[in-house]
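Next come the chains, spelled out residue by residue.
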Amino acid sequence: MDFQTSAKTQDYLSRIKTFMNEHVFPVEQEILAENHRLNPDGDWTQWRVPEAIKTLKLKAQEQGLWNLFLPDETLGKGLTCLEYAPIAEETGKVIFAPEIFNCNAPDTGNMEVLYHFGSQQQKDKWLTPLLAGEIRSVFGMTEPDVASSDATNMEARIEEDGNELVLNGKKWWTTGLGHPDAKIAIFMGLSNPENDKHSQHAMVIVPLDTPGVEIKRMLTASQDFDAPYGHGEMHFTNVRVPKENLILGMGKGFAIAQGRLGPGRIHHCMRAIGAAERCLELMIKRGMQRVAFGKPIIKLGGNLERVAQARMAIDQARLLTLNAAWKIDNLGVKQAMTEISAIKVVVPNMLQMVSDMAIQIHGGAGVSGDLPLSTFSAMARMLRLADGPDEVHMGMVSRIEINKYR
């Protein structure tokens, strides 16, 4: 295994770092304050995107720093999972940065679904504007009335009726639903209950203005609406879409999901590693600059040991994630299931630990909005639930490990 960054990655990474240093870090607090002013409450119908983000997106697109995640030379930059990983890490240092480069979830996963599994008509109609950053999308999988950690519990239905598909069900924690540019959902539901449990579901593209689609509310995460993105609850009542909106075929939902979640977890984890690096940087600078009881606080209360623990934990998490990326690139998602599940547990827990250390050394400033630390801490806690809780992923790792001895 060779984790050495390619010349292509080094070039894009250098350009991304320059862009972040010159255009993103200097206005981070200004943009966050403007975002809070524009979107003070849960009324998502009034949410707006700060003009500064729109300006930065245009600037990034002009500089060719756009769609870096997509392994296609024409539509993206042709970077593999392993090549893109360090770039995702760098963008993870600012909470809104991935959107600036059109590399934000859940759009990246949805674009990969359409790229790998969509028909040409679906690509022309939906993938093209997503790649251009003209619209945004959401992914409807988690449901409020069942234990969604077991996706086979899904109750939402997809039924055929002539040339149409009829959708019924409830979805929640649908990330990005409140964004003013969100135009389509990829809806996953039970389509073939007579099949084996991993061939019972399908995915369908649903324009959000289709009759019967109702956005009920945005949910708070750690008392934050995460505007202008949001995590919404929506209900589908006899929603009718043409059959050409079906992705790949009836009963193919789980196969698509596996293809979507593998690279997507690499992206999530590398962004989280970038956030952890930012936490460690802020922690060290704070510890060296502040003096208490006659000493820099970095030398008090076990803080030196915490710096060492953070450094070792971050590097271990990064190596595990790069290993998973290498396996996806070289062996395929199915041969990387242990590693994909492992990073989904290891990385958010690492970020939770490092962000907590950084908050502690900052005192009251650590939990304020003046720094990104509390946001990173909340993100880490959410990531331990998103795309499946820790326990599900550890269950996957243990099953694969035990099967080696059967």
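The rules behind each value
- Residues numbered from 1 in each chain as written.
- Predicted model: local features only at pLDDT ≥ 70, side-chain atom pairs only at ≥ 80, totals over all residues.
- Heavy atoms only, no water.
- Helix = DSSP H or I, 4+ residues; strand = E, 2+ residues; numbered from the N terminus.
- Expected span 1.5 Å × (residues − 1).
- Buried < 20%, exposed > 50% of the residue type's maximum accessible area, 1.4 Å probe, protein only.
- Arc of directions from axis to C-beta.
- Contact = heavy atoms within 4.5 Å.
- UniProt positions renumbered as here; feature names shortened; annotations may be inferred.
- Disulfide = S-S within 2.5 Å.

For helix α3 (residues 51-62), built from 12 residues, the straight-helix expectation of 16 Å at 1.5 Å per residue is met to within 8% by its first-to-last C-alpha distance of 17 Å. For α3, every residue scored as buried is listed here: Ile 53, Leu 56, Lys 57 and Ala 60. On an axial view of α3, the arc spanned by its buried residues comes to 105 degrees, and they lie on one face. Seen from the buried face of α3, the exposed residues on the opposite side, beyond 90 degrees, are Glu 51, Leu 58 and Glu 62. Check the buried side of α3 and you find it contacts α1 (7-24), α2 (28-38) and α5 (97-100). Gly 64 sits one or two residues past α3 and shows a positive phi near 75 degrees.

Following the UniProt record, one finds the feature "domain: Acyl-CoA dehydrogenase/oxidase C-terminal" (unreviewed entry) at residues 251-399. Span residues 251-399 is 76% helix and 3% strand, its end C-alpha atoms 25 Å apart.

The next point concerns the state of the cysteines. Following the criterion strictly, the structure yields 0 disulfides and no others. Cys 269 forms no disulfide, and the closest cysteine sulfur to it belongs to Cys 81, at a distance of 11 Å. Judged by relative accessible area, Cys 269 falls into the buried class, the value being 2%. Lacking any disulfide linkage, Cys 279 is separated from the closest cysteine sulfur, that of Cys 269, by 15 Å.

The next thing to look at is unusual backbone geometry. Omega for the bond connecting Ala 105 with Pro 106 falls within 30 degrees of zero, at 0 degrees, which places this linkage in the cis form. Looking at the element boundaries, Pro 106 is found in the loop between α5 and α6 (107-117). Of the consecutive residues Ala 227 and Pro 228, the connecting peptide bond is found in the cis state with omega at 5 degrees. One can find Pro 228 in the loop between β6 (213-219) and β7 (231-242). Even without being glycine, Asn 102 reaches a positive phi, approximately 55 degrees. With respect to the helices and strands, Asn 102 occurs in the loop between α5 and α6. Not every positive phi belongs to a glycine, and Trp 173 is a case in point at roughly 55 degrees.

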